[in-house]
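Understanding the architecture of this molecule
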Amino acid sequence: MTTKPVILWFRQDLRLHDNPALTRAAETGAPLLPVYVLDPGSRVRPKGAASLWWLDKSLRALDAALKDRGSRLILRQGESETELRRLIDETGADRLFMNRLWEPDAAARDADLAHALRAEGVEVKGWNGSNLCAPGAVLNGSGEPYKVFTPFSKALLGQWSAPPHTLGPRAIDTPAGVASDDLDDWGLHPRRPDWSTGFDWTPGEAGATAALSAFVAGPMADYADGRDHPGRPVTSRLSPHLHFGEIAPWRALEVARTAAAAGKAPPAQAKKFISEIVWREFSAHLLHAFPQIVDRAFRPQYDHMPWREDPKGLEAWRRGLTGYPIVDAGMRQLWTTGWMHNRVRMVVASFLIKHLLIDWREGEKWFWDCLVDADLASNVQNWQWVAGSGADASPYFRIFNPITQGRKFDEDGRYVRRWIPELSRVPDRWLHAPWEAPAEVLRDAGVRLGTTYPRPIVEHEPARKRALDALKAIDHERRDRED
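None of the values given here were measured: they were computed from a predicted structure. (Residues numbered from 1 in each chain as written. Predicted model: local features only at pLDDT ≥ 70, side-chain atom pairs only at ≥ 80, totals over all residues. Heavy atoms only, no water.)

Looking along the chain, the bond that leaves Arg 192 and enters Pro 193 is cis, with omega of 0 degrees. Among the secondary structure elements, Pro 193 is positioned in the loop between α6 (183-186) and α7 (205-217). Here Asp 18, not a glycine, exhibits a phi torsion of approximately 50 degrees, which is positive. Summarising the element assignment, Asp 18 is placed in the loop between β1 (6-10) and α1 (20-27). If you check the backbone angles, Leu 357 has positive phi at about 55 degrees while not being a glycine. Inspection of the secondary structure puts Leu 357 in the loop between α14 (342-355) and α15 (360-370). The exposure class assigned to Leu 357 is buried, which follows from its relative accessible area of 4%. (Helix = DSSP H or I, 4+ residues; strand = E, 2+ residues; numbered from the N terminus. Buried < 20%, exposed > 50% of the residue type's maximum accessible area, 1.4 Å probe, protein only.)

Given below as C-alpha cells:
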C-alpha cells in the first residue's frame, strides 16, 4: 500500500536547516508536500508591502533549495483551511506538520483549523520553530509571565539549551502533478512604480547564513558600543531573516557564543548581541501573555492620552520632512531600504509620540507597512516601550532631543549626509540643527531653509512641555478614577 503524503506547511520558517517540522516530517518516511499558502483574507493581520517584497524573494529561495533536494514548493492562494483541505482531497494526505505561530490571531486560527481537521481523521502536529522556547514556558516564581526584561532574560538563559543542529534531509520525495500557483502571478514585487530599487538585501536561508557569518567575523567585535551609531556598519541586519524564519534564533545565539568561546569575538560584545536576541524573545512572550497590547496600551492609563489629530505633521514625519535631520534621515532610510537603524527607530518614534503627540499606533502601522522586518510582537512592544505604555518601558517623560541625539550618535554626520544629500555641505557643527547656522554658512552649503530643506515643524522645548503636560493630565485622571 502506498504511504500517504505528509503536508509540510511553511509559514515563518522558510528554511531547511534547524526546521523541527521538516525534521519530524522526514522521519515519517512518507512523501512530503511542502506548501505555502498566501491568505490575504485571513483574520491574521495582512503583511505590509515591504514584507511582501521580502516574502517574494524568500519563497523563491526556498523553492530553489527544495529543488536541489528533489522537491519543490507548492504555492496556493486563498483561505488557509480551504486550501489545505483542497490539498488533502487532491493527494490523500492524512497528516499536517507545521511550526507553530505564536501571535494571538494566528495561534487561534491554527487551533481552530487543527480541531476541524483532527475531527476528520487528519493528524495535525506543530513544533516551535521561531523562538528560543515556546511562549508561556518561562514564568516567574508565582507562575506568571515576566513583565520585566532582565529577570526574564536570566530565567530563560538559565534554563535554555540549544537543540541539536539539523541540516534537513538530503533528498525529499514530493509527488509529481500536484498543482501550484505561479509566484509571479501573486504580484508581491511592486510595479508601477517599483519603490524597492534601494532594497539591498539577500532574502533566503543562504542570505541569512551569510549575514550571520559576516557579522560574527567583523562587526560583532564592536557591537555593544558601535550599534548606537547609525553611520557605522555594526548592526547584524538579521531581523528580517529571523522574522521570516530563514535562520533559527537558537542558531544565531549559538554561533555568537561559539565565536566568543573560541576567542573570535569579545565575550562582552557577544553577550550584548545575545541580549538583543532575547529582547526579541521577550516581545513574543509578552504578546502571547497579553494579546491586547496589539491595539491597547499595556498600562491602561495611557489609553487616555490626549493624542492630537495632526495629518500634516504625520505626513511630514512619514516623508522625512520634519526639519530635524536625524529624524528625517531615519524616515528616508526606512522608505528607501525597508529598514531603519535601531537607535534611530527610537528617536523617530519618540518624535512622533512626544514632539507631535500623535498616537503610537499610527507609527506602528507605518512601520508595519514599510519594514522588511515587520514583526508584530517586536513592533508593538518597541513602540509601546518608547511611548511609556508597555511592560518594562522607557518612562514617558524620557523625551529624546533629536538635536543632541544626532550630535552624540552621528557625530561626524555620516548618517545624515547619506540620507539627506541636500545637507551634505553643512559643517558638522550645524548639521543637526541647520536653522541655528549663520546665513552665510547655509548659503555656502547651498541650503535654503523652507525651500531646499524644511524648517522644524515644531520647536523642541514647547513640544517637550506639551508632552509632559499630557502626561500630567492622564496621571490626574488616573488618580481621580482611583479616588
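Time to look at the packing of α14 against helix α16 (residues 376-387). Relative orientation of the contacting elements α14 and α16 amounts to 60 degrees, with a least axis distance of 9 Å. Here α14 is positioned oblique relative to α16, judged by the angle of their axes. Our pair here, α14 against α16, has a crossing hand that is right-handed. Two secondary-structure elements touch here, α14 through Met 346, Ala 349, Ser 350, Leu 352, Ile 353 and Lys 354 and α16 through Trp 383, Trp 385, Val 386 and Ala 387. Each residue belonging to the contact of α14 with α16 can be placed in one class, and the counts come to eight nonpolar, one polar and one charged. (Axes fitted to C-alpha atoms, helices over the stretch in contact; angles between N-to-C directions. Parallel < 35°, antiparallel > 145°, perpendicular 65-115°, else oblique. Left-handed = near helix turned anticlockwise from the far one by under 90°. Contact = heavy atoms within 4.5 Å. Nonpolar A, V, L, I, M, F, W, Y, C, P; charged D, E, K, R; others polar.)

So, about the pairing of strand β4 (residues 95-99). Judged by how many residues are buried, β4 sits mostly within the fold: five of five residues are covered. Of the two faces of β4, the one holding Arg 95, Phe 97 and Asn 99 and the one holding Leu 96 and Met 98 are both buried throughout. Relative to strand β5 (residues 123-127), β4 is paired through five bridges, and the arrangement is parallel. By the bridge assignment for β5, Phe 97 is matched with Lys 125. Each parallel crossover has a hand, and the one from β4 via helix α4 (residues 104-118) to β5 is right-handed. (Pairing = 2+ DSSP bridges. Right-handed = clockwise from strand over helix to strand, strands pointing away.)

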